[in-house]
Amino acid sequence: MYGIRPELLDEFPEQYYCLEDYEKVAAKWCPGCGDHAVLGNIQKLCRDEQLNPAKTVFVSGIGCSSRFPHYMKTYGFHGLHGRAFPVASGIKWRRPDLNVFVITGDGDCCSIGAGAWIHAIRYNIDMTVMLFNNEIYGLTKNQTSPTSRIGTVSSTTPLGSVLPPIHPIQTTLGVSNVSFVAQTVDWNPPHLYATLKAAYKHKGFSFIHILQRCPKFQSGLVDQYTGNKENLYLLTGNDGVELSDSMKASFKNKVEHNANDIYAARTLAEQPDRIYLGVFYRNPEARRYDEYGASNLGFTVDQKISALNKELDKFAV
Amino acid sequence: MGKRPSTTDPYSKLFKKDIFKESDALDGTEDSNPVKKILSILNSDQAPEKQMREQWSKLRKFYISGEGGILPDHFHSIHINPNELDFSSPGSYPFLILPTGDRGSAIHSFGDWLKIKLLSAESPSPMMSKLLPRFVRFASDTLGTKRSDFREFWDLISRDLSQELELKGGELKEYDKTVQDISKSIESETRIIGFSAFAILSIIDEILMELSRRRKAKLAERIDELLPPLLELLEIERENDPSSNDPGHLQSALSFADHYFDFNKLSSVLPESASEHLDDNRFDRISEVIRSLQSGKDLMNHNATIIIDEDLFPGREWEADFNGLDIHIVKKGEICQFAEEYFESHIKLFSDVIKALRIARLEKSDRYRQEIHDEVFGAFSWRLFTHEEMDLAAPVVVLADTQTLIHDELAMFSRILGSGIPIKIMGINGAGETVIHPLTMAMSHRDTYVAQLNLLDPVIFYDKLRDGFGNYTPAFIQTPVEGLLTTKQLLIYMSALLESRAMPVFSYNGKKGSAWGSRFDIMHNPFPEELWPVYEYHLSGEDQETISSAFTYADYLSLDSRFANDYKVVPIDCWTEDLLPLGNYIITSEEDRYGKLPYIWLVNELGQLHKTVVSLRIVHLCEDVQDFWQYLQDNGGVHNFHAEEALKNQEKTLREEFDSRVSKLKEEFNQQLEKVARESSEEAMDNLTSALLDLDPDTLGMVGIVKSESAEPKGSSEESDLEEPATEKETKKEEEIVKISQDPWIESELCTYCNECVDINNRMFKYDDNKLAFIADPNAGTFAQLVEAAEKCPVHIIHPGQPLNPDEPDLPELIDRAAKYN
Ligand SMILES: Cc1ncc(C[n+]2csc(CCOP(=O)(O)OP(=O)(O)O)c2C)c(N)n1
Ligand code: SF4
Ligand SMILES: [Mg+2]
């Protein structure tokens, strides 16, 4: 009004984040490891959604994949083995303004962290969860994990494993109050990206099972995965991920699936030999525990201290 | 142009005494019930020619020189006939200002308000509805010219009126219940204001106080929103302080565990704080902002500032008018200067707070960029405020005599209007002066708010004033205030000002759109589409005759004793066709005026009408007033010259077009008519012939042959047209594919960002902006590297193509390996 438009000065420049704003150091995963693909696509997602790095936090447990937060120029919490979920829940509960992502491995999540995992699904606190399943303990160099298929030879089962594996999708779909379950693979970046995006957009506990190649300790699986396009089944239909038509066309197998139907989702989950790609299940109505916790936010430290003192004063003698 | 008389007389003397005499019907109390005088025109034969000629030469002399003019006692303009006027206060008085409304507060006339209350009551009381006029009258009389807290006032008048009415039993119950219900529904801070010249001061005060309340609330809200997060930032910083790891600090914090810990050792193993420290600049900046915000709270004690011309209503107790405002009385000649300096120094304090708020907002979301914002905020001033921020600053209002502004302070006055400084200047004029000059001058600064207001309608007054005060530009608002008149005199005077276009009510809002017309509002004047308001009067007598007369500026001036010699009553026997009503005379061209004289109607105390010639000086003044009014009309969208011209032209072209089309159509019609007449006779002949000769079968066969001949060659040529290019295209496509497969390429979309290829040769393989690998330079490495990358790529999307360098060793083997990936 008085000559210069103030918004030009005050808000300028409206911060635009580019990929570099999310990149920290070069990732120290083996060349050819599937983790790289997820990292790259997460950085793209952050940029495309223009997430403020100062308002974004990546939480992980322990494992190769759990090194992820170190490579993001955002806040990060590289926690205890199997305990990414409790930490992430606490963060989101007290700081609902933050974007929370969780990285966990098959060992981290399905073995030592299984208890926390089940409850995190039920709590349905708003966060985006990526389970990197390479069917092995990578960081500790080749031990059988709960998701390793029967017959896996490793340093803990030199004669081959004997128990059938846990199928994380199946497990997740079995927990009450489940709200978002999807599956993707690291070696199809467009689908990986689209799935990450769908999960991020979903409000609640968005669980993505990522089949991840470990060329170091599961090299046998790599060719089986990438050399064969026949075993990928793209889920199409209601409430799935958004893919371009050309990408859709590149999949030979397509299966029509209603992502709002939990029974249909469970039926798919009963067929672990087929790799279904897309959203198995989505329920935006599921109850969110964080909405019950965020009632008394916004107090200053002073206010909190004085409230505490007031309580403690009651015990004064 | 006629010179205005000087203003040396005290203005109470300017007005003709008798019209304001308190004795006669002016009192207008209900019981005295004045006899309504009937207007009449006395009959008379024409005077003898000689007498007539003498009279007229006197009239002409008077017209030019003013010589021999006199406005006799008890003669008044037909429009300002005190015997005819019904005196109560204007309809909207007394009025209420309620603290809540669409824009923060609202104004209602007391009568309307009460009516709505009674109608919307849960159990409407018919008795109370009947009492409504009584209530309004009683309130008006009790309140007089005062301003009062409304709830208190309501309780008072409802009690007094109840006593006066001597209500009993059920009626009393009904009455009490209704008035108590209403009393409960009155919000605190509601005011009631009576009719007086100074009611406008109350309106100014109420608006400023109301703006102030909202301003404080907004400022407090914004400070409370932004201060705590900053305090928290500093608090975290304190916890981050490296000294919190020193043994002494640890000991004091963990003293309960004294014998378990060796604090020196503990201190040496404790990691540095996990978070990054604020840099010193940021720390200082935030501390500074916190200080400013805390001082911003002090500013909230300040309401608005009002700067008053020392010579304006000397002796008036301004503190009573503007209780709570910051009042400065300033000598004439220094008022505008003072206002500007005051504004600049005062706004500086606000600008520090606004700046702090802006920085705080950026800091809160960590968006402060030193390289940009340091410079911006270094040069921050109130001129960078947004409208919302301007609202947070306390307004500065000037109250001065318009004459002072234009005679003593013209340069500074104009400077403020032109500089964009949002000082609100109220030009008060008394002494019956019609002052047009400062209004047109103020509008010529364009980016201003200019208005002329009249207190007769407090609702318009309030709305326009609020617009002006809230507008983010300088404002000049002129309004007449006649402090020494009685209520009834005031009513006549104010009405005459408005009706005669002496001071039309209008507003010009420089911020309202780029089209000039859209900035004007003149619709609150009587008959805004007319030059002058024209009224009809009934004459006595059987034949129900009426006369209509324009309420001109000359009618208004007849109130002013300074112009008493500018009117000359024409003896009835000298009325001729050469007397023109003033309203017509003014719009008559100079030539056609020749031989004519302008008159207005005056009426004496017997209700007899007299044509009265006015002097040339008055005609000039009328022309001046009319000219300004037409300027307003033109801009206000009534009788816009260009629009009317355009309309005329448009009409003309349309008519021409219409005429030419009509004549063309007529012509065509006639031709058609002829043709039809001709053809129908021919057709009739044909029919007759074919009926007689029957049809020729050969004609049909001919048609069939022609058709099949033309169809065949056309069809075959179409086919060949299609075939040829298709073959061409296919060949092209094949060529392209061959060419592509010779160059190395990557299906980038499917790249997994695994670093395999980039690790082999990071000049040949690069990532694009989306982290997808592509071949940046196929010549930057060997074919062997390309083949290796194709083999290592976990998703098999690298296609090595054919070797570019024919001299590379082991080519046959490499081409063989590459074939699998091409
Ligand atoms: C409490 C605890 N127990 C065991 C370990 C050893 N440990 C480190 S990583 C890991 C398994 C990680 O496997 P996974 O989660 O699949 O990650 P990956 O390396 O495969 O990505 C184990 C058992 C540990 N760090 N902490
Ligand atoms: S060991 Fe496996 S999972 Fe870990 S970085 Fe290497 S390839 Fe990736
Ligand atoms: Mg693993």
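Bear in mind the structure is a predicted one, so any value in this text is a computation, not a measurement.

**Focus on the interface of chain B and chain A**
Chain B puts 40 residues into the contact, and the matching count from chain A is 36 residues. A buried area of about 3200 Å², summed over both sides, lies between chain B and chain A, and 54% of it is on carbon and sulfur atoms. If you sort the residues of chain B by the area they bury against chain A, Arg367(B), Thr752(B) and Lys771(B) come out on top, with a joint share of 15%. Linking Glu23(A) and Lys771(B) is a salt bridge whose minimum nitrogen-to-oxygen distance equals 2.2 Å. Here chain B and chain A share seven residue pairs in polar contact (both at pLDDT 80 or more) between them. At the level of secondary structure, the elements contributing two or more residues to the side of chain B that touches chain A comprise α6 (199–240), α11 (335–364), α12 (370–378), α13 (387–390) and α24 (756–760) of chain B. Among the elements that line the side of chain B that touches chain A, the one with the most residues is α12(B), at four residues.

**Here's the deal with the site of ligand 2**
Looking at ligand 2, the residues that line it are Trp29(A), Cys30(A), Cys33(A), Cys64(A), Asn134(A), Gln212(A), Cys214(A), Pro215(A), Lys216(A) and Phe217(A). Tallied by class, the residues present in the shell around ligand 2 amount to seven nonpolar, two polar and one charged.

**Here we look at the site of ligand 1**
Residues and elements named next belong to chain A. Looking at ligand 1, there are 16 residues lining it, with Cys64, Ser65, Asp106, Gly107 and Asp108 nearest. For ligand 1, an oxygen atom lies 3.0 Å from a polar atom in the side chain of Asn134. Here an oxygen atom of ligand 1 sits 3.0 Å away from a polar atom, N or O, in the main chain of Ile136. For ligand 1, the accessible surface in isolation is 590 Å², of which the surrounding protein chains cover 72%. Residue composition of the shell around ligand 1, grouped by class: six nonpolar, eight polar and two charged.

**A few points about a nonpolar patch on the surface**
Residue and element names in this part refer to chain A. Residues Tyr123, Tyr289 and Tyr292 make up a contiguous nonpolar surface patch of roughly 310 Å² in combined accessible area. If you trace the backbone, Tyr289 turns up in the loop between β9 (275–282) and α11 (290–293). Judged by relative accessible area, Tyr289 falls into the partly exposed class, the value being 36%.

**Section: the confidence of the model for chain B**
Residue and element names in this part refer to chain B. Confidence in the prediction for chain B averages 81 pLDDT; 83% of positions are at 70 or higher. Mean pLDDT values over the elements of chain B span from 45, in helix α23 (residues 698–742), up to 95, in strand β6 (residues 305–309). Segment residues 1–37: pLDDT under 50, and 73 contacts once partners within four positions in sequence are set aside and those in other chains are kept. Contacts of residues 695–727 to residues separated by more than four positions or lying in other chains number zero contacts, the stretch itself having pLDDT below 50. Predicted complex metrics record ipTM = 0.73 and pTM = 0.60.

**What about the packing of aromatic side chains?**
Residue and element names in this part refer to chain B. Per the stated rule, a full pass over the model turns up 44 aromatic pairs over all chains. For the ring pair Tyr93 and Phe195, a centre distance of 4.7 Å and an interplane angle of 70 degrees mean the geometry is edge-to-face. Linking Tyr93 in the loop between β1 (76–77) and β2 (95–98) with Phe195 in the loop between β5 (191–193) and α6, this pair joins segments that are 102 residues apart in sequence. For Tyr93, a relative accessible area of 3% corresponds to the buried category. Both rings, one in Trp318 and one in Phe322, keep their centres 6.1 Å apart while their planes meet at 5 degrees; by these two values the pair is stacked. Exposure remark for Trp318: the relative accessible area of 6% places this residue in the buried category. Using a relative accessible area of 1% as the deciding quantity, one classes Phe322 as buried. Across from the ring centre of Tyr368, 3.7 Å away, lies the NZ or CZ of Arg285, which sits over that ring. Against the face of Phe198 rests Arg316, its NZ or CZ located 3.7 Å from the ring centre.

**Considering the pairing of strand β11 (residues 475–480) of chain B**
Residues and elements named next belong to chain B. For β11, the buried fraction is high: six of the six residues fall into the buried class. Alternating residues of β11 divide into Ala475, Ile477 and Thr479 and Phe476, Gln478 and Pro480, and every residue in both groups is buried. For strand β9 (residues 423–429) and β11, the ladder comprises six bridges, and the chain directions are parallel. In the strand pairing of β11, Ile425 is matched with Phe476. The pairing of strand β10 (residues 449–452) with β11 spans four bridges and is parallel. Paired with Tyr449 across the bridge in β11 is Ala475. Following the chain from β10 across helix α17 (residues 458–470) to the adjacent parallel β11, one finds a crossover that is right-handed.

Here is what the cut-offs are and how they apply
- Residues numbered from 1 in each chain as written.
- Chains lettered and ligands numbered in written order.
- Predicted model: local features only at pLDDT ≥ 70, side-chain atom pairs only at ≥ 80, totals over all residues.
- Heavy atoms only, no water.
- Contact = heavy atoms within 4.5 Å.
- Buried area = accessible area lost by both parts, 1.4 Å probe.
- Salt bridge = Lys/Arg side-chain N within 4 Å of Asp/Glu carboxyl O.
- Polar contact = N/O pair within 3.5 Å; in protein donor to acceptor, adjacent residues only side chain to side chain.
- Helix = DSSP H or I, 4+ residues; strand = E, 2+ residues; numbered from the N terminus.
- Near = heavy atom within 4 Å.
- Nonpolar A, V, L, I, M, F, W, Y, C, P; charged D, E, K, R; others polar.
- Areas by Shrake-Rupley, 256 points an atom, 1.4 Å probe, with all protein chains shown as cover.
- Patch = residues over 30% accessible without salt bridge, like charges linked within 9 Å, V, L, I, M, F, W, Y side chains within 5 Å.
- Buried < 20%, exposed > 50% of the residue type's maximum accessible area, 1.4 Å probe, protein only.
- pLDDT = per-residue confidence, 0-100.
- Phe/Tyr/Trp six-rings, centres within 6.5 Å; stacked < 30°, edge-to-face > 60°.
- Lys NZ or Arg CZ within 6 Å of the ring centre and 35° of its normal.
- Pairing = 2+ DSSP bridges.
- Right-handed = clockwise from strand over helix to strand, strands pointing away.

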